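Residue-level listing of the chains:
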Amino acid sequence: MFSKNLVSELSNQLNQILDSLVWVYPELVLAGWFLGILLLDLVWRNLPYRILAGITGLGLGLTAVLVYRQFVDFQPLSGNLFLGMLQLSPAAIYFKFIFLLCIACTVLLAGRSRLFRRTKPPYAEFLALLLAMGLGLHLLAMSVNLLMIYLSLEVVSLSSYILAAFHFNQKASEGSIKYLLFGAFSSGVMLYGMSLLYGFCGTLQITDNQFVTGLAQADGMAVLVAGFLAMAGLLFKISALPFHLWTPDVYQASPTAVVAFFATAPKIAGVLVLWQFSQVLGKIDFWLGNVKVEWTDLLAVLAILTIIFGNFSALWQTQAKRMLAYSAIAHAGFLLIPLVAANELGRQSLFFYLTVYVLMNFGAFWLVELMSQVADYQIKSYEGWGNAYPILGLGFLVVMIALTGLPPTAGFTAKLLIFSALWEAYQSSQNQLLLVLWVVGLLNTVVALYYYLKIPFYLFLRPLPTPPNPILTVRKLDYAWLILLIFPLIFWFFKTDWLMAMLKMLV
Amino acid sequence: MQNYLLSILIFLPLGAMVGILCLPNSQKKTFKIITLLVTGLQLLVSLVIYATYAVSKGSPAGVYHTSGFQFAERVEWIRLDLGNLGQLSIDYWLGVDGLNVMLVVLTGLVMFVGAIASWQIQTKVKGYFALYLLLSSSLMGCFVALDFFLFYLFFEFMLLPMYFLIGIWGGERREYASIKFFIYTLFGSLLILIAMIALYLSVIDPHKTARQAGLAEKSQVIDNQILTKTQDKLAEGTLPANNRVHTFGLPMMMDKANYLPNASLQPNSGSETWTMRALIFWALLLGFAIKLPIVPFHTWLPDAHVEAPTPVSVVLAGVLLKIGGYGILRIAYSIFPDMAIEYASWVASLGVLAIIYGALNALAMADLKKMVAYSSVSHMGFVLLGVASLTAEGVNGAIFQMFSHGILSAMLFIIVGVLYDRTHDRQIEHYRGLSQAMPYFTGLVMIAFFASLGLPGFSGFIGEVFTLLGSFKSTKIAIGISVVAVGGIVLGAAYFLWTLQRMFLGKFWVKDAQWKTQLHDLYPAEWLMLGGLAAATLVFGLFPSLVFNLTSQSVEVFLGLFVK
């Protein structure tokens, strides 16, 4: 009897796994392409970047088509995959597109970057690692199981440690080692937290009811600490306090294309998983003695610290990439705000913010990389170039204004929406901490303006040193690219409803 | 055509800006001519609005009557479904009433004068005029917008052109001045943003909500009965949350019945939530006070003025500062009348502080432009005092004072510009007896100075007297505050007369003998600007009803908010 049961159970499970395979075609393609490019490089060494990038692009395109098929075929029931390891949701599908877009942008940006091409890194490995990261990110976006979250996060992390060193100089190695050390540390902490959580509730499935009930019965303080530890790896990925320390060094030393990628895709994936995570933990009231603490309180404190730290540190930066690193920290704080709000508007505004954030970041890094022809990433050496290349300068202005969060850019709309969500949460909970976060977050825009404005300031308000000895070449491709990235930033301000209508469908 | 006049005011300069950007850099003269023509047209359109604004009894007077605005345009712009939070609706909603009609005229006038004064700009001409037109468009937009979101868009949008106009074409310390201006004003506007978010999430649009909730059929005209029904359902809490249409419409925010019953900004919702209303009121007041500017948030103003080129100073003092006063009237006071009454004495004291402190500073300044800048601080204090009085005289006087100060400060800054163009020096003590070298100029300076210090017959007198009358009459302000304010007039007379005496009277002497040949009397363009403005101050000083006729009805409606 027993053995028969076991066999039928086993075959049942196998069937379920086989059924699930249909839903991970995009991931399979990514994995295949990753191996394929490595093999290709073994057979034909030193293929030019253009050809390799083309092949990668092909893989990305194919993946995108498959993701689109998923979008078309998606049914709510088809969500639960691999015995509850992964869960496919419309939001995951949407962000898979975004990840692919990020990879494509990174490939293009790396191709455009002179510094990257001059150091002649192994192109095939570079692209293969990007694809591997894509695979990890795709899985991360679908993970609902602590083990799966950890695994896919490690896939992402391991690739990023190597990618961070792709300038192959001392600084880059330093940055990469720093990244590795902090990353390994936070992974360890995360694993520890997860094992504690497992101990409390006996399941790794965060969507499981048992997970919530188990945690609710455990000691409040212990769960709070364990939850915080389990978040560590994710906070590290989104570079939020107190796991932000790697950010400035890696941003400064790594190739710009890689940095632009780090600033967007892993961050998005991290925030998405955090969202899932806090949706679950938000249901629990923690009692520390007589004081009731909520999960969102913890997030709110982290958000406040991150925003303040990121913004005020960015004030002192003179190097564009370092400044953007601190700005990325500050934005991590803003990304936590919808998680604190934890309501329907919070979810929508988070998706909106993330979408806009991708555009802003790639716009900013593309421009910074373009300027590196003359400026070596020092903001001060941007002097006067805005007058010489008005369109370039205007592009910088729009991106910086969007990052600050001023109208008429979608950056403003994104801020408006997340702060609306937070106000709503405050209204319903009357939690004073949320009000503090609300005011601190909004007023920090003044600080942000000061350092973002530095770039347009040098571009337009200072004269071009005569004679400008290095020559800036801006190709048509650059303009086309900039317009593609920047136009939506303005367009979505005036037609917010269009993007929001799309995001609303991702329930 | 008449229905689109306000849109024309906004989009005409915007279109011209695009045109300028498309022309090649070499067309310097064309840029100037285009700008002059466009601002001239703007002035013309605003005069048409002035002339056709209906003032007969019973004509629409706006403020909180959603359908009471003249030349109104209203189109839905953005509609977001926020799920269980309801809907968010942003309108492209323009309109004029007595509170803003004179400011539209003022903007048209000052921008035109500024365009003439811009003729002397020689460097990066294309960028300058493109930004100038952008500024003009956002200023107009700010005054006619009736949707908070739209207002805020224009309010923020004018920061960028202003930043570059000061930062690129300014004087020696332009970089410092421009960034200071930007940071201060942005801080103010963030306070306003805070208030905006809190407000729109607390307020619904009964019209749209009625449709959304199915209380009115698609084709049915929504009458008062349906509105009341909607508002009653809202108050009872029987209106499903996802049917609420949150609005940014300013007039909707002035109606108590539109507030969600559990919102912490809900008026008369008991004593425990009064603090939130007070906080948001002060956030708004502070935000606009920085713009006005009010001591101690005024320090950006002297810097910005001293460094800005003449036409930008003219626009800054003539129009930009008025947005602060207008915002207090239209937004802070109209939406929070209860708080306005509660804190009337505080607000009035802030006004008086600005009057006295600004005047004392003006007295001490050695730089003519700084003296004029501080006189602006002092004069804008009267606006705040008038508004705080919450009397018909005071509020009418405040609007008049804004209009009058717009004309006079434009004149004063052009006067400074005239001197600076000739000698590149603005120190008061470097000149003496200028009346002998420049008699006509001195004549116009005397008009400007006397009008500013409040000589009867000129517009400055009316503004100051009415605001003071209002504050003395007001039951909400302690009498002592008003008495101190009178001292501001005395001080005003002191610094203007003293400056006049030092610079223009006595024996002709200038610091540098070379200047003697450079000190021409007025050129035709300067004649045109100063003469026109002098005529305006005289006309409005002699016939204040030219302004009061348009404003008084709306002010009455406005004051109605405070007795309900």
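Residues numbered from 1 in each chain as written. Chains lettered and ligands numbered in written order. Predicted model: local features only at pLDDT ≥ 70, side-chain atom pairs only at ≥ 80, totals over all residues. Heavy atoms only, no water.

So, about the overall build of chain A. A count of helices and strands for chain A gives 22 helices and four strands. Over its C-alpha trace chain A gives a radius of gyration of 23 Å, about what one expects of a compact globule, namely 23 Å for 507 residues. Dimensions along the principal axes, computed over C-alpha positions, put chain A at roughly 90 × 60 × 45 Å. Expressed as a percentage of contacts within chain A between residues at least 6 apart in sequence, the contacts between residues at least 24 apart total 80%. Roughly 19000 Å² of accessible area belongs to chain A as shown, and the carbon and sulfur atoms make up 68% of that amount. Counting 27 positive and 21 negative side-chain charges, chain A places the centres of these two groups 12 Å from one another. (Helix = DSSP H or I, 4+ residues; strand = E, 2+ residues; numbered from the N terminus. Rg over C-alpha atoms; globule rule 2.2 N^0.38 Å. Contact = heavy atoms within 4.5 Å. Areas by Shrake-Rupley, 256 points an atom, 1.4 Å probe, with all protein chains shown as cover. Lys, Arg positive; Asp, Glu negative; His and termini not counted. Charge placed at Lys NZ, Arg CZ, Asp CG, Glu CD.)

In terms of regular secondary structure, chain B is built from 24 helices and five strands. At 24 Å, chain B has a C-alpha radius of gyration in line with the 24 Å of a compact globule built from 564 residues. Dimensions of chain B, computed from C-alpha atoms along their principal axes, come out at roughly 80 × 60 × 45 Å. Split into buried and exposed, the 564 residues of chain B put 65% on the buried side. With an accessible surface of roughly 18600 Å², chain B has 64% of that area assigned to carbon and sulfur atoms. (Buried < 20%, exposed > 50% of the residue type's maximum accessible area, 1.4 Å probe, protein only.)

Right, let's talk about the pattern of salt bridges for a bit. Two side chains that carry opposite charge are able to pair once their charged atoms sit near each other. Residues and elements named next belong to chain B. Overall, the coordinates contain 23 salt bridges over all chains when judged by the stated rule. A salt bridge links Arg79 to Glu76; the shortest N-O distance between them is 3.1 Å. Using a relative accessible area of 24% as the deciding quantity, one classes Arg79 as partly exposed. Under the relative-accessibility criterion, Glu76 is labelled partly exposed at 36%. With its nearest N and O atoms 2.6 Å apart, the salt bridge here joins Asp91 to Lys208. Of the two residues, Asp91 sits in strand β2 (residues 87–96) while Lys208 sits in helix α8 (residues 206–212), which places them 117 residues apart along the sequence. As far as burial versus exposure is concerned, Asp91 and Lys208 are alike and both buried. In this structure, a network of salt bridges that share partners links the residues Arg74, Glu76, Arg79, Asp91, Asp205 and Lys208. (Salt bridge = Lys/Arg side-chain N within 4 Å of Asp/Glu carboxyl O.)

Turning to the interface of chain A and chain B, a few remarks are in order. Accessible area lost on assembly of the parts is the figure often given for the size of an interface. Taken residue by residue, the interface counts 39 residues in chain A and 43 residues in chain B. Note on chain A versus chain B: buried area summed over both sides is about 3700 Å², and carbon and sulfur give 77% of it. Viewed at the interface, chain B and chain A are joined by one salt bridge. Put simply, B:Glu175 and A:Arg462 hold a salt bridge, and the shortest N to O gap is 2.6 Å. At the junction of chain A and chain B, the tally comes to four residue pairs in polar contact (both at pLDDT 80 or more). Among the elements of the structure, α15 (344–375), α17 (390–404), α18 (410–429), α19 (432–452), α20 (454–461), α21 (476–494) and α22 (496–504) of chain A are those that each provide at least two residues to the side of chain A that touches chain B. Of the residues forming the side of chain A that touches chain B, the biggest block, nine residues, is contributed by α18(A). (Buried area = accessible area lost by both parts, 1.4 Å probe. Polar contact = N/O pair within 3.5 Å; in protein donor to acceptor, adjacent residues only side chain to side chain.)

Time to look at the side chain of B:Thr442. Residues and elements named next belong to chain B. In this structure, Thr442 sits in helix α19 (residues 439–452). Accessibility expressed as a relative area gives 3% for Thr442, which makes it buried. A polar contact of 2.7 Å, which involves the side chain of Thr442, links it to the backbone oxygen of Met438. Beyond its immediate sequence surroundings of up to four residues, Thr442 is in contact with Leu434, Ser435 and Phe504.

All names here are of chain B. One can describe the packing of helix α16 (residues 368–389) onto helix α21 (residues 479–504) by two numbers: an axis separation of 11 Å at closest approach and a directional angle of 160°. If you check the angle between α16 and α21, you find them roughly antiparallel. Crossing of α16 over α21 shows left-handed handedness. Contacts from Leu368, Met371, Ser375, Ser378, His379, Phe382 and Leu385 in α16 reach Ile481, Ala485, Ile489, Tyr495, Phe496, Thr499 and Met503 in α21. Split into classes, the residues belonging to the contact of α16 with α21 amount to ten nonpolar, four polar and no charged. (Axes fitted to C-alpha atoms, helices over the stretch in contact; angles between N-to-C directions. Parallel < 35°, antiparallel > 145°, perpendicular 65-115°, else oblique. Left-handed = near helix turned anticlockwise from the far one by under 90°. Nonpolar A, V, L, I, M, F, W, Y, C, P; charged D, E, K, R; others polar.)

With that out of the way, let us pick up the pairing of strand β4 (residues 291–294) of chain A. Residues and elements named next belong to chain A. Examined bridge by bridge, strand β3 (residues 285–288) and β4 share four bridges and lie antiparallel to one another. Within β4, the position partnered with Asp285 by the bridge is Glu294. The hairpin turn running from β3 into β4, its antiparallel successor, is two residues long, and Gly289 in that turn takes a positive phi close to 65°. (Pairing = 2+ DSSP bridges.)

One finds B:Phe148 and B:Tyr333 to be the most contacted residues of the largest nonpolar core, which totals 424 residues. Element by element, the count of residues in this core is highest for α15(A), at 21 residues. Membership of the second largest hydrophobic core comes to six residues, among which are B:Leu215, B:Ala216, B:Ile226 and B:Leu227. (Core = buried A, V, L, I, M, F, W, Y, C linked by side-chain atoms within 4.5 Å.)

The geometry of two aromatic rings is summed up by the distance between their centres and the angle between their planes. Under the defined criterion, the tally for this structure stands at 68 aromatic pairs over all chains. A centroid spacing of 5.4 Å and a plane angle of 70° characterise the contact between B:Phe149 and B:Phe248, whose relative ring orientation is edge-to-face. Here B:Phe149 is found in helix α5 (residues 148–157), whereas its partner B:Phe248 is found in the loop between β3 (245–247) and α10 (250–253), with 99 residues between them in sequence. Among the aromatic side chains, those forming a connected cluster through ring pairs are A:Phe412, A:Phe493, A:Phe494, B:Trp77, B:Phe149, B:Tyr152, B:Tyr200 and B:Phe248. The ring of A:Tyr377 has A:Lys321 sitting right over it, with the charged end atom 4.3 Å from the ring centre. Sitting above the plane of the B:Tyr420 ring, B:Arg426 keeps its charged end 4.8 Å from the centroid. (Phe/Tyr/Trp six-rings, centres within 6.5 Å; stacked < 30°, edge-to-face > 60°. Lys NZ or Arg CZ within 6 Å of the ring centre and 35° of its normal.)

For the pair α18(A) and helix α7 (residues 174–200) of chain B, the least separation of the axes is 10 Å and the interaxial angle reads 55°. The angle between α18(A) and α7(B) places the two elements in the oblique class. Crossing hand, α18(A) versus α7(B): right-handed. Listed contacts from α7(B) to A:Phe412, A:Leu416, A:Phe419, A:Ser420 and A:Trp423 of α18(A) are B:Leu193, B:Met196, B:Ile197, B:Ala198 and B:Tyr200. Considered class by class, the residues forming the contact of α18(A) with α7(B) number nine nonpolar, one polar and no charged.

Residues and elements named next belong to chain B. For chain B, per-residue confidence averages 88 on the pLDDT scale, and 98% of positions sit at 70 or higher. At the level of individual helices and strands, chain B shows its lowest average pLDDT in helix α9 (residues 224–236), which scores 80, and its highest in helix α3 (residues 101–117), which scores 93. The ipTM value of the predicted complex is 0.88, and its pTM value is 0.91. (pLDDT = per-residue confidence, 0-100.)

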